[in-house]
Amino acid sequence: MTHRIAVVVLDRFAPLDLGVPGQVFGSARDAHGERLYEVVTCSEGRMPVRCSAGYTVQPDHDLDVLGTAGTVLVPGIHGGRALVEGTISEGLSAALRAARQGPTRTMSICTGAFVLAAAGLLDGRRATTHWLEAARFGALFPQVKLDPDVLYVDDGDLLTSAGVAAGMDLCLHVIRRDHGSEVANRAARRCVMPPWREGGQAQYIDRPLPDGDGDGTAATRAWMLAHLDAPLDLNVLAAHASMSVRTFTRRFREESGMSPAKWLNRQRMQHARHLLETTELGVEEVARRAGFGTAVSLRQHLRAAVGVAPLAYRRTFRRI
């Protein structure tokens, strides 16, 4: 059965954000080529909504369709009450809250997080939004645990992303979570985009280029990816980049948006998950190849990342 995704459109919506769910989720197919998701669009009262690019769309549904959806998704907005005042209409707020009473998953792209926060759905939860609006978001919604440095946040049944292209990253992540990496990779190829991007949105923040010598850490990051199974401490990495440990750490964070240790752990986890999904290797061997050393260490890291043990993860993500 296809999974229905209801996209809620508000006035001043971001045009690309509205197109992303239909394009990415529409590219997810099973081994027989059948679509795995149905994307429908709705607005309050099924009213026409105008975007920031100067045209209007007429959704096919009103907010009642939220009750039939497995996922509710709110695209970004470039203005309106949610962005300026941190409020939305009582009708929209009630519909979003009602959809949360069942097993429905809720998502936002970019500043769509303002809408979810205005409905009270993000209180006490981790979330992200476009870096350019992070300060405004934090001031309007101090009760939300905002992380402005990441491309997206998966907080279980609540998922939020940074701006524009990060919405595509989030949609692919959801496909991967629902159906495994093989299906997500096929969808990415259909969309002519990478299955995943390294780093966070900190690398895209508008700021002066940092001073520093050398050619950066890109070559060392590539070398790290080729040697995930090796012990890679800061001294080894800095030596490879021909930098001091202090300079390397600073440059690495400026270019990737995170510390070397956090970046390395993310790549190792990505590789371990890929091996669990696509090979029959034992957990001990997966742990060794991914750089976690032992099955115990892999088990601890995987449980912290996704909440399940390696064998349970393998069973879940090899359904298709």
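The sections below set out a description of the structure shown in this document. (Residues numbered from 1 in each chain as written. Predicted model: local features only at pLDDT ≥ 70, side-chain atom pairs only at ≥ 80, totals over all residues. Heavy atoms only, no water.)

1. Re the pattern of salt bridges
For clarity, the cut-off: For this document, the term salt bridge refers to a Lys or Arg side-chain nitrogen within 4 Å of an Asp or Glu carboxyl oxygen. Where helices and strands are cited, they refer to DSSP runs of H or I of at least four residues and of E of at least two residues respectively, numbered from the N terminus. Buried residues are those whose accessible area, probed at 1.4 Å on protein chains only, stays under 20% of the maximum for their type, while exposed residues exceed 50% and partly exposed ones sit between those limits.
Counting across every chain of the model gives 15 salt bridges. Between Arg-176 and Glu-277 there is a salt bridge, and its shortest N-O distance comes to 3.2 Å. Linking Arg-176 in helix α6 (residues 165-179) with Glu-277 in helix α11 (residues 260-278), this pair joins segments that are 101 residues apart in sequence. On the basis of relative accessible area, Arg-176 is assigned to the buried category, the value being 11%. Overall, the relative accessible area of 6% leaves Glu-277 in the buried class. Between Glu-255 and Arg-221 there is a salt bridge, with the nearest N and O atoms lying 3.4 Å from each other.

2. Looking at the packing of aromatic side chains
Where two aromatic rings form a pair, the distance of their centres and the angle of their planes describe that pair. Basically, it comes down to this: Pairs were defined over the aromatic rings of Phe, Tyr and Trp, the Trp ring being its six-membered one, requiring ring centres within 6.5 Å. Orientation was assigned from the angle between planes: stacked under 30 degrees, edge-to-face over 60, tilted for the rest.
Scanning the entire structure with this criterion turns up 6 aromatic pairs. When the centroid spacing of 6.0 Å and the interplanar angle of 75° are considered together, the rings of Phe-114 and Phe-141 count as edge-to-face. Of the two residues, Phe-114 sits in helix α4 (residues 112-118) while Phe-141 sits in the loop between α5 (134-140) and β8 (145-146), which places them 27 residues apart along the sequence. By relative accessible area, Phe-141 is classed as buried at 3%. Ring geometry for Phe-137 and Phe-141: centres 5.0 Å apart, planes at 55°, overall tilted.

3. Some remarks on α11
Operational definition: To estimate how far a helix should extend, the number of its residues minus one is multiplied by 1.5 Å.
In a regular helix each residue adds 1.5 Å, so 19 residues correspond to 27 Å; α11 covers 27 Å between its end C-alpha atoms and thus fits that length. Considered for burial, the residues of α11 that qualify are Pro-260, Trp-263, Leu-264, Gln-267, Arg-268, Met-269, Ala-272, Arg-273, Leu-275, Leu-276 and Glu-277.

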